[in-house]
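Each chain, written out:
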Amino acid sequence: MKSCQNCDSVTFDDMEMCYDCMSSFAEPLDEDKLESPITAARLQIAMAGYFNYELLLQKLEGCSLSVGSATENAIVIPQEQVATRLMEVFYAHGQIWAESTDTSALATIDTIPLCGTVRIQPGTEIIIGDATITLLEA
């Protein structure tokens, strides 16, 4: 049970307002506490003449986005020379990573061929065929 600060009437804890004086139990928000860390990384996916969009990757351990030509991928690159599941972009250990899942197809990170797993930073460009994936915000 809680008491109203205006009229001292008593009501249940789950009530949002006092029904005797109609005052709210809501407390004003502390503006300093509203600043929260970024909860998602922003990626831009662009393929000249076809599409340009942004995608969010949640910053939760193990969250990932698959990349490839198959329609079940989170990021679909509609080109025949792109493998059905070429790579993964994922969040782990507080960082954003890119991992090659198909060594027969070529993806480059800032002109260096992607081999294995690489940590990426904001501004990093991943080139796959004619598409570019840019990490805007981490």
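Residues numbered from 1 in each chain as written. Predicted model: local features only at pLDDT ≥ 70, side-chain atom pairs only at ≥ 80, totals over all residues. Heavy atoms only, no water.

1. Topic: the packing of aromatic side chains
In this description, a pair of aromatic rings is defined by centroid distance and the angle of the planes.
So, step 1. Counted under the stated rule, the structure contains 1 aromatic pair.
So, step 2. For the ring pair F51 and Y53, a centre distance of 5.6 Å and an interplane angle of 45 degrees mean the geometry is tilted. (Phe/Tyr/Trp six-rings, centres within 6.5 Å; stacked < 30°, edge-to-face > 60°.)

2. Overview of the nonpolar core
Where a protein is soluble and globular, its nonpolar side chains tend to be buried together.
So, step 1. Counting 27 residues, the largest nonpolar core has M87, V89, I126 and I128 as its most contacted members.
So, step 2. Going through the elements one at a time, β3 (40–47), β5 (64–68), β7 (87–92), β8 (95–100), β9 (107–109), β12 (125–128) and β13 (131–137) are the ones with two or more residues in this core.
So, step 3. If you tally residues by element for this core, the top one is β3, at 4 residues.
So, step 4. If sequence neighbours within four positions are ignored, I128 has contacts with V67, I77, Q79, V82, L86, M87, A107 and I133. (Core = buried A, V, L, I, M, F, W, Y, C linked by side-chain atoms within 4.5 Å. Buried < 20%, exposed > 50% of the residue type's maximum accessible area, 1.4 Å probe, protein only. Helix = DSSP H or I, 4+ residues; strand = E, 2+ residues; numbered from the N terminus. Contact = heavy atoms within 4.5 Å.)

3. Quick look at the pairing of β8
So, step 1. Of the two faces of β8, the one lined by I96, A98 and S100 is fully buried and the one lined by Q95, W97 and E99 carries no buried residue.
So, step 2. Bridge count for β7 against β8 is 6 bridges, and the pairing is antiparallel. What sits directly across from A92, in β8, is Q95.
So, step 3. Hairpin remark: β7 followed by β8, antiparallel, with 2 residues in the connecting loop; positive phi at H93, about 55 degrees.
So, step 4. Taken together, the 4 bridges between β8 and strand β11 (residues 117–120) define a ladder with antiparallel strand orientation. (Pairing = 2+ DSSP bridges.)

4. Describing unusual backbone geometry
So, step 1. The backbone of D8 shows a phi angle near 65 degrees, a positive value even though the residue is not glycine.
So, step 2. On the secondary structure map, D8 appears in the loop between β1 (2–3) and β2 (10–11).
So, step 3. A residue is classified by how much of its surface remains accessible, and D8, at 60% relative accessible area, is exposed.
So, step 4. The phi angle at D110 is positive, at roughly 50 degrees, despite the residue not being glycine.
So, step 5. Mapped onto the elements, D110 comes out in the loop between β9 and β10 (112–113).
So, step 6. Residue classification places D110 among the partly exposed residues on the basis of a relative accessible area of 40%.

5. As for a nonpolar patch on the surface
So, step 1. On the surface, M1, V10 and F12 cluster together to form a nonpolar patch covering roughly 350 Å² of accessible area.
So, step 2. Within the fold, V10 resides in strand β2. (Patch = residues over 30% accessible without salt bridge, like charges linked within 9 Å, V, L, I, M, F, W, Y side chains within 5 Å. Areas by Shrake-Rupley, 256 points an atom, 1.4 Å probe, with all protein chains shown as cover. Salt bridge = Lys/Arg side-chain N within 4 Å of Asp/Glu carboxyl O.)

6. Here we look at the sheet that holds β5
So, step 1. Across the sheet, which stays open at both edges, the 5 strands sit in the order β6-β5-β7-β8-β11 with mixed pairing between neighbours. Each edge of the open sheet carries a strand with a single partner, namely β6 (75–76) and β11.
So, step 2. Two elements, β5 and β6, share 2 bridges in a ladder whose sense is parallel. Its bridge partner lying in β6, G68 is registered against V76.

7. Some remarks on the environment of E88
So, step 1. On the secondary structure map, E88 appears in strand β7.
So, step 2. According to the relative accessible area criterion, E88 is buried, its value standing at 10%.
So, step 3. Linking E88 and P122, residues 34 residues apart in sequence, is a C-alpha distance of 17 Å.
So, step 4. A distance of 3.1 Å separates polar atoms of two side chains, one belonging to E88 and the other to S64.
So, step 5. In this structure the side chain of E88 is engaged in a polar contact, spanning 2.2 Å, whose partner is the side chain of R85. (Polar contact = N/O pair within 3.5 Å; in protein donor to acceptor, adjacent residues only side chain to side chain.)

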